[in-house]
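Survey of secondary and tertiary structure
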Amino acid sequence: MTHASQNPALTLLNASPRLPLLAALAVRFAATVTRWEQRRRTRVNLSYLDDRLLSDVGLTRWQADREAARPFWDC
């Protein structure tokens, strides 16, 4: 699976030199949780695709099932 791009607002906040340490950690945590949720949602949706749609994106049922079984924190 490809990595989802980060939210530009979170990237801007995280890169700000004036951001206090606790706020920077909170932004980084929020970005990580967002990335995890995107992975989870993508993998769940992948498991619902039929063989014809999987073929359109170049995956086999076995590959899709293997990807869908991965935990959300696993890249």
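Preceding this section is the structure that the text describes.
What this report covers is the structure whose coordinates are included nearby. Here, residues in each chain are numbered from 1, in the same order as that chain's written sequence. Local features in this predicted model are restricted to residues of pLDDT 70 or higher, and side-chain atom pairs are both shown and tallied only at a pLDDT of 80 or more, whereas totals for entire chains, interfaces and linings draw on every residue. In computing side-chain properties, one takes all heavy atoms of the structure into account and sets aside hydrogens as well as water.

**A word on the overall build of the protein**
The criterion, for reference: Runs of E in the DSSP output that reach at least two residues are strands. Runs of H or I that reach at least four are helices, and both are numbered from the N terminus. Relative accessible area decides the class of each residue, using a 1.4 Å probe on protein chains only: under 20% of the type maximum gives buried, over 50% gives exposed, and in between gives partly exposed. Whether two residues are in contact is decided by their heavy atoms: any pair within 4.5 Å suffices. Using the Shrake-Rupley algorithm and a 1.4 Å probe, accessible areas are obtained, with residue cover drawn only from the displayed protein chains.
Helices and strands together make up the secondary structure of the protein, namely four helices and zero strands. Start at the N end of the protein and walk to the C end: the helices and strands fall as α-α-α-α. Residues classed as buried in the protein amount to 13% of the 75 residues present. Taking the intrachain contacts of the protein between residues at least 6 apart in sequence as the baseline, contacts between residues at least 24 apart amount to 53%. About 5,800 Å² of surface is accessible on the protein, with carbon and sulfur atoms providing 63% of the total.

**Let's talk about the packing of aromatic side chains**
For any pair of aromatic rings, the description consists of the separation of the ring centres together with the inter-plane angle of the planes. Threshold: Aromatic pairing here means that ring centres of Phe, Tyr or Trp (its six-membered ring) are within 6.5 Å. Orientation follows from the plane angle: under 30 degrees is stacked, over 60 is edge-to-face, and everything else is tilted.
Evaluated as defined, the whole model comprises two aromatic pairs. Seen in terms of ring centroids, Trp36 and Phe72 are 5.2 Å apart; in terms of plane orientation they differ by 65°. Their pairing is edge-to-face. In this pair, Trp36 sits in helix 2 (residues 21–48) while Phe72 sits in the segment after helix 4 (61–68), placing the two residues 36 residues apart along the sequence. Residue class for Trp36 comes out partly exposed when judged on its relative accessible area of 32%. Here the aromatic cluster, defined as three or more aromatic residues joined through ring pairs, consists of Trp36, Phe72 and Trp73.

**Quick look at the side chain of Arg43**
So the rule is basically this: We define a polar contact as two N or O atoms separated by no more than 3.5 Å, with the added condition that, inside protein, one atom must be a possible hydrogen donor and the other a possible acceptor, whereas residues neighbouring each other in sequence contribute only through side-chain atom pairs.
For Arg43, the location among the structural elements is in helix 2. Within polar-contact distance, the side chain of Arg43 engages the backbone oxygen of Asp74 at 2.8 Å.

Geometry only, nothing functional implied.
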